[in-house]
Amino acid sequence: MRIASSSRGYLPPFLVCLCFIQRCYGASHHHPPPAKVPSRNGTRLANGQTEVHHRPKRGWIWNQFFVLEEHIGPESQYVGKLHSNSDKGDGSVRYILSGEGAGTIFIIDEVTGDIHAAKSLDRERKSHYVLHAQALDRYTEEALEPKSEFIIKVQDINDNAPKFPEGPFVVSVPEMSEVGTSVIQITATDADDPTYGNSARIVYSILQGQPYFSVDPKTGIIRTALNNMDREAREHYAVVIQAKDMAGQVGGLSGSTTINITLSDVNDNPPKFPQKNYHQYVPESAQVGKPVAKIKANDEDLGVNAEIKYTIINSEGANTFSIATDRDSREGVVSLKKPLNYERKKTYTLHIEGTNTHTDPRFTYLGSFKDTATLKFTVGDVDEPPVFSMEYYIMDVYENAPPGTEVGAVTARDPDSRNSPVRYFMGTNEDEEEEGEEGVRYFTIDADSGVIRTTGLLDREAQPWHNITVMASEVDNPSLLSQVAVTTQVLDVNDNAPEVDTDEEVIVCESSRPGQVIQTIAAVDKDDFANGQRFSFALPSQLPPNPNFTLKDNEDSTASIVARRRRFSHLTQELYHLAVVVWDGGEPVLSGTSTLTLRVCPCRGQGRARTCQGEAFLTAAGLSTGALVAILLCVAILLAIVVLFITLRRSKKEPLIFSEEDVRENVVTYDDEGGGEEDTEAFDIAALRNPAGAEELKFRRDVRPESRQRHRRRHRRHRPPPREGGAARGGGLSREEEEEEEEREEREREEQRLDAADVHEFIKQKLVEADLDASVPPYDSLQTYAYEGGGSPAGSISSLDSPAGARSGEGECHLLDDWGPAFQALAGLCGEARAEAEAVAAAAASEEELVTNGEELPALPI
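Below, the structure is looked at part by part. Keep in mind the model is a prediction, meaning the values are calculated, not measured.

## Considerations on the overall build of the protein chain
- Each helix and strand counted, the protein chain has 11 helices and 42 strands in total.
- Split into buried and exposed, the 862 residues of the protein chain put 30% on the buried side.
- For the protein chain, restricting intrachain contacts to residue pairs at least 6 apart in sequence, the fraction spanning at least 24 positions comes to 66%.
- When the accessible surface of the protein chain is summed, it comes to about 55,800 Å², and 52% of that surface belongs to carbon and sulfur atoms.

Right under this line is the structure:
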C-alpha cells in the first residue's frame, strides 16, 4: 500500500489507520481457497494443474508525486515516500529508485523510502520526470515488490512575465477614421502553466496613446478612440501596451511593447492657389509651343490624392494659350498656341482652374475639390523682322524664255508700328547652288520691288522645278531677317523632235509573207503634252519606194512594219535598214527621222517567236553569259591545280646536287626503304656492335674509292696469267669475280688484324679513314661503333660474338630437337635453312671445281 505525502496534499491520519486495520483484519480472517476449484485468474494446464496469475498489490501502485519549481532553501525539498507492505520497520527492506533524474535530482532513503529533490527545478524546461521504484530484501537481494513506474510532476509558480515576441509593431490607419476602427491585434505569450492557477492569464492595458487609441483587455485589439484624426495635423503616434498575468491582480508579472501608428493620407483637402491674381510679361517674339509662364496650386494631401489637373476655362485664353501639368513639380505650365502680335493685342487674361483628379466620395461634404485663379499676360513690343504676305510662293515660267523674263514677285512688310522699308535678296542654300553654263544663277530679284526675273535660258527637260529662297530685312535694322521659299515651275514648249522608241534590231523571219506585220513601233518625245502625245509615222518621201518593207500608221501613236515580199534569206542578205519619219502633235509641229536595223534569220515556232535559232541556242540550254564565264573560270582553276601538282611531283624527284664550294652543314633525309630480310648488303649490325665479330668490312658501294681501285689494279698486275686452252669464263675468272675474290681476301686479312686489335685503336683508325676518304660528302656525318667487350672468359652468348656465329648457327639446330614439342616448329625452320645453306655451298664448290679444271660453265638463260 502507498503512503505518500507532499507539500501540496496528503492522506488524513484516520484514513491511514482505517487502511491499516482493514489489512490486519483481512489477514487474520484469511481462509485458503478450495483445493480443486480453479480461480478466475488461473489457466488449466495439460496435466490437470492450474497456473495462477498473480496481480500486483495495490499498495505498490504509484501514480504521481508533485514538487514545486524554483525551490530556494537550505534543505532539499521533500517529494514523497515509498513504502512496501513487506516492510516491518526492521530495516530489512531496501528501496531503489531509477529513471529520469534518479540519483542526481531525486534522492531516496533506502531504509525509509523518503524521496527528496536535491536541485531546484524549472517547469518551463521540464514539466515532469518518469521514475521506477523497487523494494528488495536487504539480505537476499530478492525483489519484495515488482518494479513500479510513477511520475513526479513539477508544479508551476508564477515566475515568467508575459512577452511580445513580434514587437515592436509598425502599422497604419487611414486618417479621418471612425471611432472603433480596428488598427491591429497584438498577442503576448506567458511561459507559465496555463492549466494551473492564474499564472498565464493575461490582461492587456494601454499605458501611452490615450485618448487617441484604446485596447481590448482580453483580445489585445487596438482601436481608434478619437473621431476625425487629421493627418495634416498629426501623422505619427506611439502607443505603449502592457500585458499582465495573474488576471491583472496585484503581484502579477507584466511586459510591454510599443506600436508605432501612422495615419495614412486620404483626399480630404482641396487644392488651393496661394493667390487669386497673377501677372506675367511675355514678349511678342515668344515662340509657339514654348512655355511662357508657370502656376501652381497647393494641396496638403500626398500621392495621387494631391494630383491636380489645370484647365483654362475662358475662351480668350484657351484660343491663344494652352496649359499642361508637370507631374514632378505639379505645376501648371502655360505655353503659346499662336504667335503674339503687340500691334494687334497687348493683353490677355486667363482663368485657370485646378481640380483634384482622384476624389473621395466620403468627403464631398467638405466642398468642391477645385480652385480657380486669374493669370494676366502683358505682351511686350519687340522689333520684329519683316513678314511675307504668304508662307510660300509658287511661280511658273516657260522654258527657253529670254533672260530678264519676269517670273513673279514677293512682298514683305515691317509688322512694327514704324513700318520700316524692306530690302529683298536671294538666299543661299544647297538647293539653290544651281548655276548655268556661264556661271550665273538662273534667277535674280529686285531689292526694292521683290520682282524675280530669269538670268538665262531654262530647259524643262533638264530641270522642270527650281527651289529658291528669298530673304527680306528691314532697312533700319538689317540684322532682323526673314525668309520664304519660292518654287518655280518651268513650263514646256515643243522644242524636241520625236524619235522611234527602239534600240534593238528588228527580227525578220525568213518565212515572212507579203503583208505580214514584222513589228509594231512607237515613238518618244522629251516634251510634255498636257492632252497626251500624238505621233504620226511615214517613210521618207524623198527616198525611192522600199521594195522589201513598207510602214503602216495605226493612228494611235504607233506604226507597223509590213513585209512586201516573201522568202527572205540571211545567206543572201542578213541586214536591212529602214528609215522612218515621226511627227509630233505639238505647236509648232516637229519631226524626226530614225533608221531601224532589220536582221533576217531563221525563226523558231513558225515565225511566231521573234528569236533567231543561233541566238536561242544558249537560251534553250539555260546558259547565260555569266554562267559561261563561271564555267570557263572553273576550268582555268582546275588546269592551274593540275599544272601545280605536276610541277611539285617533278621537283620531288630531282636529286640533291651539292656544289663543290658549298661546304655548309646540311641535314639530308633519305626515305629509301630497305630490301627486307633478304637484303643482306643493306645493313650489318654485327659490324657496329662487335668489331671482332664483323663478317665483312663495309665500304660505300655508290662511289668506288681511288685507293681500292689502284690496289685492285696492282693486284691484277701481279696475278699469274690464266691457263691456256680455257674459254673466256672457263680458262679464268671474270672481272667481277676477281673483284669479289679480292674483297673477300681483304676482309679476311682485316678480320685477322682486328682479332688482336684494341677497340680504341680500331676507332682511331676508322676516324682517320673517314677523314682521308675523298669519296664521302663534304658535310659532317655521325658513325657509331658499339663494342660489348671481350674480357669475359665465358664468352658471349650472342651469335654476333664471332664471325662464324654471325654467319650461321647450324651447329645448334640439333639441340632444338631435344627441347621438346614446343620447339619442333623452330627446329624444322632451322633444318630447312641448314639444308638450303648446304645446297648453296655444294653448288659453289662444284662451280669452283669446274673453273679450276678449265671446263666451260653452262650459259645461264637471260
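## Quick word on a nonpolar patch on the surface
- There is a patch of nonpolar side chains on the surface, built from Leu-628, Ile-631, Val-635 and Leu-639 and spanning about 330 Å² of accessible area.
- In this fold, Leu-628 is placed in helix 4 (residues 625–653).
- With a relative accessible area of 32%, Leu-628 lands in the partly exposed category.

## A word on the sheet that holds strand 5 (residues 93–99)
- Ordered in space as 3-9-8-5, the 4 strands form an open sheet in which the pairing is mixed. For this open sheet the edge positions go to strand 3 (64–68) and strand 5, each flanked by a neighbour on one side alone. The sheet shows a mean angle of 30 degrees between the axes of neighbouring strands, direction not considered.
- In this sheet, strand 8 (residues 128–137) lies alongside strand 5 in antiparallel orientation, the contact comprising 7 bridges. Within the sheet, the bridge partner assigned to Gly-99 lies in strand 8 and is Leu-131.

## Some details on the pattern of salt bridges
- Within this structure, the stated rule accounts for 18 salt bridges.
- Arg-423 serves as the salt-bridge partner of Asp-448, at 2.3 Å between the closest nitrogen and oxygen. Of this pair, Asp-448 sits in the loop between strand 29 (443–445) and strand 30 (451–454) while Arg-423 sits in strand 28 (residues 422–426); the two residues are 25 residues apart in sequence, bridging distant segments of the chain.
- Relative accessible area serves as the criterion here: at 55%, Asp-448 is assigned to the exposed category.
- Notably, a salt bridge pairs Arg-460 with Asp-492, separated by 3.0 Å at the nearest N-O pair.

## Topic: the side chain of Thr-320
- Assignment of secondary structure puts Thr-320 in helix 2 (residues 315–320).
- If sequence neighbours within four positions are ignored, Thr-320 has contacts with Ser-335, Leu-336, Lys-337, Lys-338, Leu-340 and Tyr-348.

## Examining the nonpolar core
- Judged by nonpolar contacts, the single largest core of 23 residues is most densely connected at Phe-321, Val-334, Leu-350, Ile-352 and Phe-377.
- For this core, the secondary structure elements donating two or more residues are strand 17 (277–283), strand 18 (291–295), strand 19 (308–312), strand 20 (321–325), strand 21 (332–336), strand 22 (347–356) and strand 23 (370–380).
- For this core, the element with the most residues is strand 23, which contributes 4 residues.
- Counting residues in hydrophobic clusters, the runner-up holds 22 residues, among them Ile-206, Tyr-237, Ile-241 and Ile-259.

Rules used throughout
Residues numbered from 1 in each chain as written. Predicted model: local features only at pLDDT ≥ 70, side-chain atom pairs only at ≥ 80, totals over all residues. Heavy atoms only, no water. Helix = DSSP H or I, 4+ residues; strand = E, 2+ residues; numbered from the N terminus. Buried < 20%, exposed > 50% of the residue type's maximum accessible area, 1.4 Å probe, protein only. Contact = heavy atoms within 4.5 Å. Areas by Shrake-Rupley, 256 points an atom, 1.4 Å probe, with all protein chains shown as cover. Patch = residues over 30% accessible without salt bridge, like charges linked within 9 Å, V, L, I, M, F, W, Y side chains within 5 Å. Salt bridge = Lys/Arg side-chain N within 4 Å of Asp/Glu carboxyl O. Pairing = 2+ DSSP bridges. Axes fitted to C-alpha atoms, helices over the stretch in contact; angles between N-to-C directions. Core = buried A, V, L, I, M, F, W, Y, C linked by side-chain atoms within 4.5 Å.

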